[in-house]
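# Remarks on the overall topology
Now for the letters of each chain:
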Amino acid sequence: MYRTALRNVLAHKGRLLMTALAVMLGTAFVAGTMVFSDTFGKAMRDSNSKSYSDVSVQVVDRAAGSDATAKQKSEGGSAALTDATVQQLAALPGTATARGLVSGFTGVADRQGNLIGQFWAAKGANFAPGQDGKDPRYPMAEGQGPKNGKEVALDRKTAEKAGYKVGDTVRVAANGPVIEAKLTGVFTTDDPVVNTGGTLTLFDRTTAQQLLLEPGRYSGIVLTAKPGTSEEALLAQVQPKVSAGRQFDVETGTKLKADEQSKVAKNTGSMRTMLLVFAGISLFVGIFIIANTFTMLVAQRTKELALLRAIGASRKQVTRSVLVEALAIGTVSAVAGLAAGVGIGAGMQSLIVGLNESMPSGALVIKPLTIAVTLVVGVVVTVLSALLPALRAARIAPVAAMSSGDQPTSHKSLVVRNTIGSLLAAGGLALIGYGASTGNTDGRLPVGVGAFLSLIGVFVLLPLLSRPVVALLGPLLRGLGGMPGKLAQQNAVRNPRRTAATAAALTIGLTLVSGLTVIGASVNAVVDRAVTSTMKADYVVSAANGMSLSEQVPAQIAKAPGVAASSPLTSTYWELNGTGKAVTGLDTASFGQLVDIQLTSGSAAALGKGQLLVDEDVAKKFKVTTGTTMNVSYPDDTTGQLTVGGVYKTGGMLGPVLLANSEITKHEPKPYIADVLVKGKDGATGALKQSLKDATGANPVIEVKSQQDVRDDFSKTITFALNLMYGLLGMAVLIAILGVVNTLAMSVFERKREIGMLRAIGLDRRGIKRMVRLESVVISVFGAGIGLVLGCFIAWAINGTLKSTLSGLTTVLPYGQLAMFLALAGVVGLVAAIWPARRASKLDILSSIKTD
């Protein structure tokens, strides 16, 4: 029986080709993901670990980063890392060297005045030379380190990217005005920020402290142990010296390196998990192709299997023979998938480096686990997919099989199938509806479980759905294709299970694609409404890094030519009636010119009286109305009361609570300035935009955005995420296409006599091609249509669970895109039918008619 099974594989290798390709692609996705994540993770760990090669113990001031970000000075008497601390730690018995570190955001402008790189990867630090005038952390490739506030040094990659040479004038900015400094040196470094494509700017110590922290203060201190002193011993000496006052993190270099590697592993693990999810989707799609292929093979070999039963083969032996075929296909395909996966992993690594040449790279990492998982997954998926067809093959009665090539499906089995499918679909839809009705994150689990159950239920019901849906397409098919169109319709519903199994692969892909598209369109719409419904301002000025704008910026903008009105948009966090709430501040004089809120009660003029405006959600939660008094706890440790002067509709960009800036500064002299809103005398013009840039000193860190720019920024983020998802789902769609090709090719082989008879009674080669193509289009459109409907419904439910997070979110159906997906499914059907249709049209009439 084993020899028979292997001979069958060789005899039907053409018919098994698409199945092998489907398994190979799925396993290649798995292997490629594991190879890439292991390779990339190792390169990142190796690169980042070099940052701590000379660190025995490091002391970090946790508060320094947040204080520097807001540019708030530490209160008098509070502990901080200073020169005295450095000297104290340097005098410890186990310390060889001690140096203070200063670190914070610093953006570098290119020659056009634009920020180099991304704001989240722009860093500034202090140059800390030893007695030899060199800083071992930053060896100079050209020139020398900075010595005063008019000098800077740049990492080599940034200098090369911008075309800067030693001696050039470079414009940099932290959280204040732009600084024009002479480039005195270009250095190399293993700093993780630079290794991941960021920029690193070095200042002399005094300048770094003044720009990034405050005079005399360090964000950290690095100690190197003397020979013979362990890191743990030095740590024990350091801890008592920095335990009082402000809280510090004190860690050994080994611990820092381990933490960094753990962080890298976590990040790459998240990426790996996401990619493996899409690989799993591809394999899930492949299951339908494998099961369909073996079902058709078993049906085509009914007489052969019956003869085996007649000459003494048991049911177990017949089942085993089919499973051995699946095992052979799975093994060969998994090995090929592993080889292809190594190539995919190498390609992904090259792509990452090509997109960002600063990203670390290294030799490919192929772990034994990758090999084992790929082979096991390929074999197990193939064998399990073939299990049901194998069991069906064993149930064929020898006498019945010898008398007929096809065994009709029993009415009982169809009733059972449709009942199970209906229960699963109904239960899933009920859970989805319940989850959507919650309106918050509590509904996500029911929606997820319901989506899975309804998807499985729809798969089970696809044979039942295929007849009425295809019947609806009948008039269109007959109109487009005449008699071949009518035959295509009949062929599509002749075997509903086969049609359903083929269409199911496309249903999965289109369910996910359409669901993501609807969610993306809905989020885009709510953001667009938030911008357009509340913002009258022509421009929004903000810091690219999300930091607070310098307190000088609002005044600079107000004086810019062409500005009719402006106001800083401040943000703070106060306790209202015992609960922390974000409070947004604006200038009352320009409020009506810059923003537009829809009041349900009260008046916007209440802001000028020092009263609060709250949105409907806050009013409902705190049970307040216009005229109600709320207790307030201020950041300066004082308390008071504020009156609610009005209630406005929830949504928009202004937040839940509004108050005049003049009231906020009474308790916070230097509030966080998130944005500056600007109204132009002549509206949004290019001249006004340039005027605002010039007013801020063409600061590369400061962005000037119109309403459309704000919308586009959100839209780009969503579009990027959707395109990434589409790309990852591309493998599943490709496998689904192979499934259509496979089904049609095997169907043509199965219907050779029928095709020969059609040719004999007058249907020409062109008619045969049209029949096969239209059948393919019908199956593809059927699967895609069901997927679109299910995907839109699931997207509606997911949007329901996001309403508490995104106020005003409603489901938006992008009809144009959905129609395009349906049209593309038809094109996929046409492409998938090219080879089967060509093969069918070339069949010899006489040899086809006498086929047994």
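As a reminder, the structure under discussion sits directly above these lines.
Here we summarise the structure given alongside this text. (Residues numbered from 1 in each chain as written. Predicted model: local features only at pLDDT ≥ 70, side-chain atom pairs only at ≥ 80, totals over all residues. Heavy atoms only, no water.)

## A word on the environment of Ala159
Short version of the rule: Secondary structure elements follow DSSP: runs of H or I no shorter than four residues count as helices, runs of E no shorter than two count as strands, and numbering proceeds from the N terminus. With a 1.4 Å probe rolled over the protein chains alone, any residue whose accessible area is under 20% of its type maximum counts as buried; one over 50% counts as exposed, and the rest are partly exposed.
Locating Ala159 in the fold gives a position in helix H5 (residues 156–162). According to the relative accessible area criterion, Ala159 is buried, its value standing at 4%. Along the sequence, Ala159 and Val108 sit 51 residues apart, while their C-alpha atoms lie 9.9 Å from each other.

## Considering the nonpolar core
Rules: Think of a nonpolar core as a cluster: buried Ala, Val, Leu, Ile, Met, Phe, Trp, Tyr and Cys residues, connected wherever their side-chain atoms sit within 4.5 Å. Any two residues whose heavy atoms approach within 4.5 Å are treated as being in contact.
One finds Val285, Phe459, Leu462 and Ile735 to be the most contacted residues of the largest nonpolar core, which totals 67 residues. Taken together, the elements giving at least two residues each to this core come down to helix H2 (13–49), helix H9 (253–300), helix H14 (411–438), helix H15 (444–472), helix H17 (496–534), helix H23 (707–750), helix H25 (765–801) and helix H26 (815–832). What Ile735 contacts, discounting residues up to four positions off in sequence, is Ala22, Leu25, Gly26, Ser282, Val285, Gly286 and Ile289. In this structure, Ile116, Ala159, Leu183 and Leu234 belong to the second largest nonpolar core, which totals 35 residues.

## Side note on helix H22 (residues 686–695)
Here is the rule we go by: The directions from the helix axis to the C-beta atoms are what the arc is built from.
Three or more residues of H22 are buried, namely Leu688, Ser691 and Leu692. All buried residues of H22 project into a common sector of 100° when viewed along the axis, lining one side. Of the exposed residues in H22, the ones pointing more than 90 degrees away from its buried face are Gly686 and Ala687. Contacts made by the buried residues of H22 are with strand S13 (539–543), helix H18 (553–558), strand S14 (563–576), strand S21 (672–680) and strand S22 (702–706). Positive backbone phi, at 75°, marks Gly697, one or two positions downstream of H22.

## Digging into the environment of Ile519
As for its placement among the helices and strands, Ile519 is situated in helix H17. Along the chain, Ile519 and Ala795 lie 276 residues apart, while their C-alpha atoms are 5.7 Å from each other. Those residues in contact with Ile519 that lie beyond four places of it in its chain are Ala795, Ile798 and Asn799.

## Description of the sheet that holds strand S2 (residues 95–101)
This is how it is decided: Two strands are counted as paired when DSSP detects at least two bridges linking them. Working convention: axes come from line fits to C-alpha atoms, limited for helices to the stretch in contact. Angles between N-to-C directions cover 0 to 180 degrees.
Strand order in this open sheet of four strands is S2-S11-S1-S12, and the pairing throughout is antiparallel. Strand pairing shows two members of the sheet lacking a second neighbour, S2 and strand S12 (248–252), which therefore form its edges. Averaged over all neighbouring strand pairs, the angle between strand axes comes to 15°, with direction disregarded. Taken together, the five bridges between strand S1 (residues 57–61) and S12 define a ladder with antiparallel strand orientation.

## A closer look at the packing of aromatic side chains
Counted only if it meets this: Centres within 6.5 Å are what make two rings of Phe, Tyr or Trp a pair, Trp counting through its six-membered ring; a difference in plane orientation under 30 degrees is then read as stacked, over 60 as edge-to-face, and the rest as tilted.
Applying the stated criterion across every chain, the model contains six aromatic pairs. On the numbers, 6.3 Å between centres and 75° between planes, the contact of Tyr726 with Phe821 is edge-to-face. One end of the pair, Tyr726, is in helix H23; the other, Phe821, is in helix H26, and 95 residues separate them in sequence. Take Tyr726: its relative accessible area is 24%, and that puts it in the partly exposed class.

## Section: unusual backbone geometry
The backbone of Asn577 sits at a positive phi, close to 50°, despite the residue not being glycine. With respect to the helices and strands, the residue Asn577 is situated in the loop between S14 and strand S15 (579–586). Under the relative-accessibility criterion, Asn577 is labelled partly exposed at 31%. With a phi angle near 70°, Asp637 is a residue other than glycine that sits in the positive phi range. When you line up the elements, Asp637 lands in the loop between strand S18 (629–633) and strand S19 (639–648).

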